[in-house]
Amino acid sequence: MATLNSSSTLSSTFYLTGIPGYEEFHHWISIPFCVLYLVGITGNCTILHIVRTDPRLHEPMYYFLAMLSLSDMGMSMPTMISLFRVLWSISREIQFNTCVVQMFFIHTFSSTESTVLLAMAFDRYVAICHPLRYATILTPRLITKIGIAALLRSAFAMIPLLVRLAFFPFCHSHILSHSYCLHQDMIRLACADTMFNVIYGLVLITVLWGMDSLGIFVSYMYILHSILRIASREGRLKALNTCASHICAVLILYVPMIGLSIVHRFAKHSSPLIHVFMAHVYLLVPPVLNPIIYSVKTKQIRQGVLHLLFPTKISSAMM
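Residues numbered from 1 in each chain as written. Predicted model: local features only at pLDDT ≥ 70, side-chain atom pairs only at ≥ 80, totals over all residues. Heavy atoms only, no water.

Structural notes on the nonpolar core
Counting residues in each nonpolar core, the largest one holds 71 residues, and the members touching the most others are L117, L165, F170, L176 and M186. Tallying contributions element by element places helix 5 (residues 96-129) first for this core, with 14 residues. The residues touching M186, leaving out its near neighbours within four places in the chain, are F14, F96, C99, M103, L165, F170 and L176. Membership of the second largest hydrophobic core comes to 9 residues, among which are I19, L83, L87 and V276. (Core = buried A, V, L, I, M, F, W, Y, C linked by side-chain atoms within 4.5 Å. Buried < 20%, exposed > 50% of the residue type's maximum accessible area, 1.4 Å probe, protein only. Helix = DSSP H or I, 4+ residues; strand = E, 2+ residues; numbered from the N terminus. Contact = heavy atoms within 4.5 Å.)

Structural data, given as structure tokens:
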């Protein structure tokens, strides 16, 4: 019993890792991370503010965009404090309970973002294939239900994995590979049978992300079929342009996620820098690039940003 208690005590503290081999440059490396977090938070908060305050944007497409911004921030912001504590040499320690909470937010909101992207694909499908029924299908009530369902589905799916972690002894190294906690990083430190977590995690990715990606693919098959039936070239290009931002958002989320999964599953003995780089790309690129892409490609959002920055000039131009 004394040994068990000692093991439990030891396993309550873990140690985060910054950029391996570049510890003396951590303070300088923190500068671009500060810029990226600042751009991501500012961009997503701007999108949320514009959608909330501009009555012209109270439409399904922009409500889903607001959900995407919330998911982006929910996925990236939990890592911010622990990352800068490591880079600024404040502390590398993180308690097990804090680690579990951080994992919950990262994995829940990344899965939620995937579901939101599926909802946005459905939105584009209805807008292009059934434009006359757009307002009657995508009602505010349905949009609210989709948002709640996306969050609850992702949250409940993560609970068995995290509850199971509480029963694992961590009697070997307590050094994590990243400056924040990921489930796939945590279970490799457990000195117990982790088969359930490994299989359940694979099933979770296959089912949740697989269903979302399949739904997005099918939606775009119907969209493409409908676009090809448009007679004019200008009409086809205009319809495709309304989907460009969403396609970019899908690629920005899925490509780093697939890359990170491949690195963790099949490149365990590769350079630690590759693991660190892929993890940061996965968590930071979507929140930074999504607001920029939608501000550039979506006229209404672009006008809202310009009106926020130059209210007098934009108001005069519109008059």
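That covers the picture; the talk isn't over yet.
Quick look at helix 5
In this model, helix 5 (34 residues) spans 49 Å end to end at C-alpha, consistent with the 50 Å of a helix rising 1.5 Å per residue. A large share of helix 5 lies buried, amounting to 25 of its 34 residues. (Expected span 1.5 Å × (residues − 1).)

Let's talk about the UniProt feature "transmembrane region" (unreviewed entry) in the protein
Mapped onto this structure's residue numbering, the UniProt feature "transmembrane region" (unreviewed entry) falls at residues 28-51, 63-88, 100-122, 142-163, 198-223, 244-267 and 273-293. The straight-line gap between the two end C-alpha atoms of residues 142-163 is 32 Å; of that span, 100% is helix and 0% is strand. Structurally, residues 273-293 is divided into 100% helix and 0% strand, and its ends, taken at the C-alpha atoms, are 28 Å apart. (UniProt positions renumbered as here; feature names shortened; annotations may be inferred.)

Re a nonpolar patch on the surface
Among the surface-exposed residues, Y22, F25, W28, I31, V35, V39, L273, L289, I292 and V296 lie close enough to one another that they form a single nonpolar patch of about 920 Å² accessible area. Those elements giving two or more residues to the nonpolar patch turn out to be helix 2 (26-53) and helix 11 (272-297). By the element assignment, L273 lies in helix 11. (Patch = residues over 30% accessible without salt bridge, like charges linked within 9 Å, V, L, I, M, F, W, Y side chains within 5 Å. Areas by Shrake-Rupley, 256 points an atom, 1.4 Å probe, with all protein chains shown as cover. Salt bridge = Lys/Arg side-chain N within 4 Å of Asp/Glu carboxyl O.)

Let's talk about the layout of surface pockets
Space inside the largest pocket adds up to approximately 740 Å³. In terms of lining, the largest pocket is formed by 33 residues, of which the most central are H183, Q184, D185, H264 and R265. Every element with two or more residues in the lining of the largest pocket is listed here: helix 5, helix 7 (140-165), helix 8 (183-186), helix 9 (195-228), helix 10 (233-266) and helix 11. Counting residues per element, the lining of the largest pocket draws most heavily on helix 9, at 7 residues. Taken together, the residues of the lining of the largest pocket sort by class into 15 nonpolar, 14 polar and 4 charged. The space that makes up the second largest pocket amounts to roughly 240 Å³. Those elements that place two or more of their residues in the lining of the second largest pocket are helix 3 (60-76), helix 5 and helix 7. Of the residues in the lining of the second largest pocket, the class split is 9 nonpolar, 4 polar and no charged. (1 Å grid on protein atoms, 1.4 Å probe; cavity = no way out; pocket = protein on both sides within 12 Å on 5 of 7 lines; lining within 4 Å. Points joined across faces, edges and corners; volume = space filled by probe spheres on them. Nonpolar A, V, L, I, M, F, W, Y, C, P; charged D, E, K, R; others polar.)

Section: the pattern of salt bridges
Opposite charge on two side chains permits pairing when their charged atoms draw close. All chains considered together, the criterion is met by 4 salt bridges. We note a salt bridge from R56 to D54, for which the minimum N-O separation is 2.9 Å. Residue classification places R56 among the partly exposed positions, given a relative accessible area of 45%. Note that R124 and D123 form a salt bridge whose closest N and O atoms lie 2.9 Å from each other.

Let's talk about the packing of helix 3 against helix 11
The geometry of helix 3 relative to helix 11 is characterised by a closest axis approach of 9 Å and an angle of 155° between their N-to-C directions. For the element pair helix 3 / helix 11, the angle class is roughly antiparallel. Where helix 3 crosses over helix 11, the two elements pack in a sense that is left-handed. Where helix 3 approaches helix 11, its residues L65, L68, D72, M75 and S76 are matched on the opposing element by Y282, L283, P286, P287, N290 and Y294. (Axes fitted to C-alpha atoms, helices over the stretch in contact; angles between N-to-C directions. Parallel < 35°, antiparallel > 145°, perpendicular 65-115°, else oblique. Left-handed = near helix turned anticlockwise from the far one by under 90°.)

Considering the environment of H246
Looking at the element boundaries, H246 is found in helix 10. Residue class for H246 comes out buried when judged on its relative accessible area of 3%. For the pair H246 and N197, spaced 49 residues apart in sequence, the C-alpha separation works out to 32 Å. Side-chain polar atoms of H246 contact the side chain of Y220, separated by 2.7 Å. (Polar contact = N/O pair within 3.5 Å; in protein donor to acceptor, adjacent residues only side chain to side chain.)

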